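# Working through the structure, step by step
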Amino acid sequence: MLHCAKALASRFFLFLASHSKIIITVLFSMKITLSPIIAGAMNWGVWSKNLTTTEMAALIHSCLEYGITTFDHADIYGGYTTEAEFGAAFKHSGIAREQMQLISKCGIQHVMGNRNNRIKHYDYSKEYIIKSTEGSLKNLQTDYLDVLLLHRPSPLMEPDEIAEAAEQLKADGKIKAFGVSNFTNSQTELIRSRTEVFCNQIEFSATAYQPMLDGSLDYMHLNNIRALAWSPIGCVFKTDTEQTQRLRTLLMELVVKYEVTADVILLAWILRHPAKIIPVTGSANSERLKNQMKAADVQLELEDWFAIWTESMGEKVP
Ligand SMILES: NC(=O)c1ccc[n+]([C@@H]2O[C@H](COP(=O)([O-])OP(=O)(O)OC[C@H]3O[C@@H](n4cnc5c(N)ncnc54)[C@H](OP(=O)(O)O)[C@@H]3O)[C@@H](O)[C@H]2O)c1
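Just so it is clear, the model here is predicted, and its values are computed rather than measured.

### A word on unusual backbone geometry
Even without a glycine there, the phi angle at Tyr80 is positive, about 65°. Positive phi is not limited to glycine here, since Glu259 has a value of about 55°. The topology assignment puts Glu259 in the loop between helix H9 (242–258) and helix H10 (262–271). In this structure Glu259 comes out as exposed when scored by C-beta crowding, with 10 C-beta atoms within 10 Å.

### Examining the site of the ligand
Residues in contact with the ligand amount to 21 residues; listed here are only the nearest, Gly40, Met42, Trp230, Gly282 and Ser283. Per-class residue counts for the shell around the ligand are eight nonpolar, 10 polar and three charged.

### Some thoughts on the environment of Trp269
Inspection of the secondary structure assignment puts Trp269 in helix H10. Linking Trp269 and Lys120, residues 149 residues apart in sequence, is a C-alpha distance of 35 Å.

### Here we look at the pairing of strand S3 (residues 101–106)
Of all six residues that make up S3, six are buried, and the element is covered over most of its length. Residue alternation in S3 divides its side chains into two sets, Gln101, Ile103 and Lys105 and Leu102, Ser104 and Cys106, and both sets are buried. With three bridges connecting them, strand S2 (residues 70–72) and S3 associate as parallel partners. Looking at S3, one finds that Asp72 is bridged to Ile103. Where S3 and strand S6 (residues 145–150) come together, four bridges link them in parallel fashion. Within S6, the position partnered with Lys105 by the bridge is Leu149.

### Brief notes about the sheet that holds S6
Taken in spatial order, the eight strands close into a barrel running S1-S2-S3-S6-S7-S8-S9-S10, and their pairing is parallel. Pairwise comparison of adjacent strand axes, ignoring direction, gives a mean angle of 30° for this sheet.

### Section: the nonpolar core
In this structure, Met56, Val147, Leu148, Ala227, Leu228, Ala229 and Leu267 are the most contacted members of the largest nonpolar core, which totals 77 residues. With eight residues, the top contributor of residues to this core is H10.

Rules of the game
- Residues numbered from 1 in each chain as written.
- Predicted model: local features only at pLDDT ≥ 70, side-chain atom pairs only at ≥ 80, totals over all residues.
- Helix = DSSP H or I, 4+ residues; strand = E, 2+ residues; numbered from the N terminus.
- Buried ≥ 20, exposed ≤ 12 C-beta atoms within 10 Å, placed from the backbone.
- Near = placed C-beta within 6 Å.
- Nonpolar A, V, L, I, M, F, W, Y, C, P; charged D, E, K, R; others polar.
- Pairing = 2+ DSSP bridges.
- Axes fitted to C-alpha atoms, helices over the stretch in contact; angles between N-to-C directions.
- Core = buried A, V, L, I, M, F, W, Y, C linked by C-beta atoms within 7 Å.

See below:
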């Protein structure tokens, strides 16, 4: 009897030892819940909508009301100004920090008045990652980021140094999770060999569908790395080409069939992918954001999903 219990216990510990990385990853990933659609703040400030503090606070309130609790930032948005504007609006809103999740990014060094840079470049030294994150915390008027991302891969990045920065920021309670953006699978694997990578924020939409063909989404799915999609409605409303004309014609039919707007169909197209991608929407329009949350309830029929892809490619699947 005792022998049997001992054997069971030793098997259990062997299992724990061999699967510890997976278990820790799952437990850690479970700690962070992002909303089904993320609000990107790139267009909220001087780069586009130039919202006032009161307007931004109202938009944050509206997002929370609609169930959009995660906000995507980068230090560079608005030429290093939008984070601070959002921080002022967040303070003004009176919303409790735990009600939302904040993502920000670091690493892009622009040539700007208050930065002593001669040329645009990327900096992933340990000191810069930590300094930039602390700047984001100050600007956003928060003690921690839910997720910190490296904005774009640099050929000169040193994985050990990056891991040290990420681990220190986590140990100090300044970030809950660490991820990357615009990274290839091998670049992600390089960083992941030293520290956990929670997500990769990539360009993905019905018009930028390469990540579902080049293995990027399969790799993330396989390794439990969350895929976040920036510019999720693609160039459908931004450019007038044969591709976007074909797509808009099809969308006119689907709008009638599913009784939702075309942007909702495009978001539903992303959500239908098995990698459980989270779209990072760029709208700063309250009504549009409310409407876009309908995408989570739209289940595109298989052939409609393929019809969108077909019109985007301009040819049938092989
Ligand atoms: N990691 C990276 O390198 C990276 C790069 C780019 C962006 N991002 C993130 O991704 C977010 C989204 O990017 P994005 O702005 O390109 O996203 P998007 O959601 O694909 O585009 C949103 C823009 O399209 C406009 N729009 C025009 N007609 C529209 C229609 N019929 N339906 C819906 N939208 C329409 C919106 O205007 P309204 O505001 O009037 O709705 C908004 O300006 C950014 O805010 C940022 O957080 C990350």
